[in-house]
Amino acid sequence: MQFVVDPGADATIGGMVACGASGTTAVHYGTMRQNILAIECVLPDGTLANCGTNALKSSAGYDLVSLMTGSEGTLGVITNVTVKLHPIPQHVAGAICVFEQLQQA
């Protein structure tokens, strides 16, 4: 299993959630917002808030996970994150196409 959001070197999970990171795999797997199941955060008044669930789908109440994701710490400090993991692909392929002129592309 792998965590697919790839924003670059030296990034932390909490920082990636706070800024709503995406990366090179966002087109296929989605951004950080689509790859978070649950968040635990400390609100400005000191209250510990648990947002989300470990279930893949839930319609219980407001989507506070998406609200906290990308808030850059203005709504609270993220202390715990539950992320989705995806299976490692069996095959990866790449290709390069070269054209002599722009019109041929």
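Look a little higher up for the structure.
First, a word on what this report is: a plain description of the structure on this page.

Here is what the cut-offs are and how they apply
Residues numbered from 1 in each chain as written. Predicted model: local features only at pLDDT ≥ 70, side-chain atom pairs only at ≥ 80, totals over all residues. Heavy atoms only, no water. Helix = DSSP H or I, 4+ residues; strand = E, 2+ residues; numbered from the N terminus. Rg over C-alpha atoms; globule rule 2.2 N^0.38 Å. Buried < 20%, exposed > 50% of the residue type's maximum accessible area, 1.4 Å probe, protein only. Areas by Shrake-Rupley, 256 points an atom, 1.4 Å probe, with all protein chains shown as cover. Patch = residues over 30% accessible without salt bridge, like charges linked within 9 Å, V, L, I, M, F, W, Y side chains within 5 Å. Salt bridge = Lys/Arg side-chain N within 4 Å of Asp/Glu carboxyl O. Polar contact = N/O pair within 3.5 Å; in protein donor to acceptor, adjacent residues only side chain to side chain. Contact = heavy atoms within 4.5 Å.

The helix and strand inventory of the protein chain stands at three helices and three strands. Listed N to C, the secondary structure of the protein chain is α-α-β-β-α-β in terms of helices and strands. For 105 residues, the compact-globule formula gives about 13 Å, and the C-alpha radius of gyration of the protein chain, at 18 Å, lies well above that figure. Residue burial in the protein chain is summarised as follows: out of 105 residues, 22% are buried. By element, 56% of the accessible surface of the protein chain is carried by carbon and sulfur atoms, the whole surface being about 7500 Å².

Looking now at unusual backbone geometry. Here Glu72, not a glycine, exhibits a phi torsion of approximately 55°, which is positive. With respect to the secondary-structure elements, Glu72 resides in the loop between α3 (64-68) and β3 (77-83). By relative accessible area, which is 58% here, Glu72 ends up exposed.

Here the focus is the environment of Gln103. Along the chain, Gln103 turns up in the segment after β3. Look at Gln103 and you get exposed, because its relative accessible area is 68%. Remark: the alpha-carbon pair of Gln103 and Val27, spanning 76 residues in sequence, is separated by 27 Å.

A few words now on a nonpolar patch on the surface. Together, Tyr62, Leu64, Leu67 and Leu75 make up an exposed nonpolar region whose accessible area comes to about 450 Å². Within the secondary structure, Leu67 sits in helix α3.

Another aspect to go through is the side chain of Asn35. Positionally, Asn35 belongs in the loop between α2 (26-29) and β1 (36-42). Asn35 gets classed as buried once you look at its relative accessible area, which sits at 0%. For Asn35, the side chain forms a polar contact with the main-chain oxygen of Gly30, separated by 3.4 Å. Discounting chain neighbours no more than four positions away, the residues touching Asn35 are Val4, Val5, Tyr29, Gly30, Val83, Lys84 and His86.

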